[in-house]
Amino acid sequence: MTESEEKKPAKIVLRELQDRIAQDAWDAKRRGEKVGWCASNFPQEITTAMGIPVVYPENMGAAVGAKGGGQRMCEHAEGMGYSNDLCSYSRINFAYTDLKRCEELEIPFPDFLLCCNNICNCMIKWYENLALALDVPLILIDIPHLDAVTCDADRVKYIRAQFDDCIAQLEAITGKKMDYDRLKEVMDVSQRSSRAWLRAVGYMSAEPSPFSGFDIFNNMAVACVGRGTVEAAEAFEQLADEYEALAKDGKSTFKGEEKYRILFEGIACWSNLKFTYKTLQSRGINLTASIYGPAFSFLYGSLDELMAAYSYVPNSNCFERELQLRVDDAIRNKVDGAIFHMNRSCKHWSGNLYEMERQFREKTGVPTVAFDGDQSDPRCFSEAQYETRIDALVELMEENKRKEGGA
Amino acid sequence: MSTIRELLDELQRVSGNPRAQLDAALEQGKKAVGVLPYFCPEELVYAAGMRPFGLWGAEMQANESKRYYPAFICSLLHTALELGLRGALNGLSAIMVPICCDSLKGFGANWKYGVGETIPVIDVAWAENRKIAAGAEFTRSQFRKVLGRLEEIAGRRVSDADITAAVAVYNENRKALRAFSAAAAKHPETVSPADRCAAIKAGYFMDRAEHTKKIASLTEALNALPEQPWKGLRVVTTGILADSPALLQILADNHIAIAGDQIAQESAFFRTETPVTADPVLGMAQRLGLVEGCSVLFDPGKQRGRELVQMAKDAKADGILWVMTKFCDPEEYDYVPVKRMADAAGIPLLAVEVDQQMVNYEQARSAVEAFAEVLRSD
């Protein structure tokens with residue numbers, strides 16, 4: 001058997017790595033080590049360098065939604081008094097905290113909480129409530145929403161002070177010391193992972209794209225939780241190599257002909273992932289642009305630049321920067337149209353979505369449609385509405401293609 | 001000297017017609033800057049010789065704003081944007097927009113592209129990690145940045161002495177409002193829930209020093225009245241807004257007096273004064289680290305709940321009324337743990353959902369009536 005035949009595909013390596021990271025947290029908990037719950041865009045360099053295991057309630061919310069438990073868990077949280085207006089990830093997590101079990105996925109209970117609001121401020125309220133319910137310490141790194149295209153020195157200074165304070169608090173909680181040489185290594189590895197991730201998703205610009213864009217939703221979990229590890233860096237490099245080879249041969253993992261290329265804006269509807277994917281795939285629509293491409297790349301050269309990098313995550317930027325990220329991604333990846341997910345869970349993401357859609361359409365010249373949904377609460381999603389909107393988009397994209405072809 | 005009723009009516013007229021205050025200020029040649037909740041540095045507007053003008057939405061149907069915000073954003077922001085889109089806030093020289101909740105983070109861009117650059121947006125960032133020195137320093141830096149924008153608008157330099165004087169005006173106002181709140185609680189037969197709310201709210205539209213004078217006169221007159229036995233109920237309110245005329249009338253109809261409040265629009269403004277510091281802007285930043293009891297502030301121990309329970313006990317209130325702003329994430333998150341704290345303390349708590357676009361309050365009426373019956377039976 002040759003070496004290439006023995007090598008597992010990158011997507012399997014990534015899935016196994018994700019499982020192993022989760023298992024490591026369980027093992028650590030059983031050994032009596034302190035384990036944390038962590039916000040998805042919290043600076044993972046800290047915990048990775050200190051060897052502190054953490055798990056991600058947001059990832060749990062997505063996984064529970066994808067496995068069909070979203071509505072049940074959300075309804076339990078509503079029975080606890082939580083409004084159904086609130087983020088469904090948080091409702092699933094509150095339900096798990098109360099029930100102490102979840103048939104779709106369980107994560108070890110935390111000894112401390114690491115919160116970061118660069119993704120949204122509802123994280124703060126969510127984690128406050130967890131801290132009270134579980135009686136564990138809560139550390140917040142507040143990353144203020146940007147009011148300009150670049151992160152200013154005052155923000156960097158403030159975030160840096162909290163970063164240092166967080167390390168001191170974690171040392172006290174876990175008894176583990178930060179090794180700053182190790183931190184430098186983790187920062188270097190994280191850069192390697194980020195560059196490989198960007199290279200991998202960069203192949204979406206090929207025609208056809210070498211992969212089904214929904215794969216991003218599956219692969220991003222490791223980009224989120226494990227990018228500070230050598231294994232993740234190697235897996236993303238392998239993924240990029242695989243995509244490169246497919247692109248070179250004009251092949252794709254997308255099933256069927258790639259008739260249309262679209263940008264998908266927003267979080268996936270995890271509870272309706274299959275339906276949302278199949279509806280597109282059956283019409284020859286491939287997702288070739290998504291903010292999740294650049295979302296999990298954190299490029300920096302120094303600790304201060306790291307602070308700024310965590311300000312540039314999607315949703316933490318000013319509107320103009322957010323828009324430009326999407327427009328650039330759409331143009332680079334040659335999209336024919338775009339789908340905007342009005343996510344009932346996410347007031348932050350939805351608050352500018354109408355204007356984002358208008359300006360995106362104006363700047364790219366491609367048609368767009370919007371649909372109502374939710375990241376993990378299936379009650380907010382309508383198959384009929386989604387199909388109707390996608391059919392309308394197909395008509396518009398087809399008409400444009402006909403005009404371009406001079407027919 | 002004006003009678004209590006005359007003063008209350010005057011303040012009711014002010015809070016019922018903020019636009020008239022804005023027009024009067026503009027006619028005097030003053031510039032005005034809109035101030036959205038929460039905790040914007042409005043003292044800096046005052047220090048620059050301009051009129052801070054509170055933007056707390058309005059009781060109205062929002063239509064145009066729905067081109068920008070989805071329906072599931074709170075009506076405070078919907079109607080504030082709606083007023084701007086309809087031109088009802090023309091004359092403002094700018095608006096200050098904080099970023100302390102997810103819905104507010106979208107407000108600035110919606111305003112910029114909806115209303116346009118004639119009323120520019122001044123973004124206001126303040127530290128959620130508000131109790132650490134780095135947090136206060138960050139807030140100070142951002143308030144200084146805001147000051148720079150305000151100086152451009154005012155066309156003049158603002159000295160630290162100007163800011164210190166403005167802080168003193170605001171601290172005096174806060175002191176006066178605390179005294180008024182205490183006096184109003186002693187005289188529910190004279191000061192209805194609507195009167196109390198209007199008297200406080202008027203300060204967001206008037207000159208603060210003028211407001212202080214009115215409030216001080218009112219308090220003095222109230223304190224001169226003999227205490228009357230109150231046969232109705234007394235509640236402490238909590239939430240973002242409790243200024244719905246329909247809801248306040250329901251309280252009055254059910255003989256429910258406001259014994260104190262933990263409302264963002266009301267006592268969150270006046271419970272805590274600004275520390276006097278060499279750099280007055282640092283004192284303003286430090287104040288944010290001292291305020292408790294507001295859901296948009298980072299509150300890891302839910303001090304809000306402890307404060308609310310203590311407030312209800314101190315006021316010998318019969319219960320707590322949570323005026324829940326529909327679609328307000330911070331409030332909806334706080335509700336569960338804070339309700340548990342009230343339950344543990346044995347203090348009845350009713351949550352009533354309100355929305356400035358509501359036209360029918362009968363559900364709220366039924367809930368309040370049932371709550372009042374329960375409290376009376378206790």
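Residues numbered from 1 in each chain as written. Chains lettered and ligands numbered in written order. Predicted model: local features only at pLDDT ≥ 70, side-chain atom pairs only at ≥ 80, totals over all residues.

Draft legend 1. Structural context of the overall build of chain A. Broken down by element type, chain A carries 18 helices and 8 strands. By the compact-globule yardstick of 22 Å for 407 residues, chain A fits well, its C-alpha radius of gyration being 21 Å. The principal-axis extent of the C-alpha atoms belonging to chain A is close to 70 × 55 × 50 Å. Taking all 407 residues of chain A together, the buried fraction comes to 55%. Once local pairs closer than 6 in sequence are excluded, the contacts in chain A between residues at least 24 apart make up 79%. (Helix = DSSP H or I, 4+ residues; strand = E, 2+ residues; numbered from the N terminus. Rg over C-alpha atoms; globule rule 2.2 N^0.38 Å. Buried ≥ 20, exposed ≤ 12 C-beta atoms within 10 Å, placed from the backbone. Contact = placed C-beta atoms within 7 Å.)

Draft legend 2. Structural context of the packing of helix α14 (residues 303-314) of chain B against helix α15 (residues 329-344) of chain B. All names here are of chain B. Close contact between α14 and α15 brings their axes to 9 Å; oriented N to C, the two are set at 40 degrees. As far as their axial angle goes, α15 and α14 are oblique. As α14 runs across α15, the sense of the crossing is right-handed. The residues of α15 that touch α14, namely those facing Arg304, Gly305, Arg306, Leu308 and Val309, are Asp334, Pro337, Val338, Met341 and Ala342. (Axes fitted to C-alpha atoms, helices over the stretch in contact; angles between N-to-C directions. Parallel < 35°, antiparallel > 145°, perpendicular 65-115°, else oblique. Left-handed = near helix turned anticlockwise from the far one by under 90°.)

Draft legend 3. Examining the sheet that holds strand β4 (residues 138-141) of chain A more closely. Residue and element names in this part refer to chain A. If you trace the 4 strands from one edge of the open sheet to the other, you get β2-β1-β3-β4, paired in parallel fashion. With partners counted over all chains shown, the strands left at the sheet margins are β2 (54-55) and β4, one partner each. Bridge count between strand β1 (residues 36-38) and strand β3 (residues 112-116): 3 bridges; the pairing is parallel. Counterpart to cysteine 38 in the pairing with β3 is leucine 114. Contacts from helix α7 (residues 122-134) reach β1, β3 and β4, with the element oriented near 170 degrees to β3. (Pairing = 2+ DSSP bridges.)

Draft legend 4. A look at unusual backbone geometry. The step from glutamate 207 of chain A to proline 208 of chain A runs through a cis peptide bond, and the omega angle for that step is 0 degrees. The omega torsion across proline 37 of chain B and tyrosine 38 of chain B is 20 degrees, close enough to zero to call that bond cis. Along the chain, the position of tyrosine 38 of chain B falls in the loop between β1 (32-35) and α3 (42-47). Phi is positive for aspartate 135 of chain A, close to 55 degrees, though the residue is something other than glycine. When you line up the elements, aspartate 135 of chain A lands in the loop between α7 and β4. Classification of aspartate 135 of chain A by C-beta neighbours within 10 Å gives exposed; the count is 7.

Draft legend 5. Spotlight on the sheet that holds strand β7 (residues 337-343) of chain A. Residue and element names in this part refer to chain A. With respect to topology, 4 strands assemble into an open sheet ordered β6-β5-β7-β8, the strand pairing being parallel. A single partner strand is all that each edge strand has here, and the edge strands are β6 (285-290) and β8 (368-373). Going from strand to strand, the sheet's axes swing by 30 degrees on average, the running direction of each strand aside. Pairing of strand β5 (residues 260-265) with β7 involves 4 bridges; the strand directions are parallel. Looking at β7, one finds that leucine 263 is bridged to alanine 338.

Draft legend 6. Examining the interface of chain B and chain A more closely. Counting from both sides, the interface comprises 40 residues of chain B and, opposite them, 38 residues of chain A. Secondary-structure elements contributing two or more residues to the side of chain B that touches chain A are α5 (102-105), α6 (107-114), α7 (133-154) and α15 of chain B. If one sorts the elements of the side of chain B that touches chain A by residue count, α15 of chain B sits on top with 9 residues. Among the residues making up the side of chain B that touches chain A, the classes are represented as 23 nonpolar, 6 polar and 11 charged. (Nonpolar A, V, L, I, M, F, W, Y, C, P; charged D, E, K, R; others polar.)

Draft legend 7. Here's a closer look at helix α6 (residues 88-99) of chain A. Residue and element names in this part refer to chain A. For α6, built from 12 residues, the straight-helix expectation of 16 Å at 1.5 Å per residue is met to within 8% by its first-to-last C-alpha distance of 16 Å. Across the 12 residues that make up α6, a large majority, 9, are buried. All of the buried residues in α6 are Ser88, Tyr89, Ser90, Arg91, Ile92, Asn93, Phe94, Ala95 and Tyr96. Looking at the packing, one finds that the buried side of α6 touches α4 (57-66), α5 (70-79) and α7. The positive-phi residue at the C-terminal boundary of α6 is lysine 100, with phi of around 65 degrees. (Expected span 1.5 Å × (residues − 1).)

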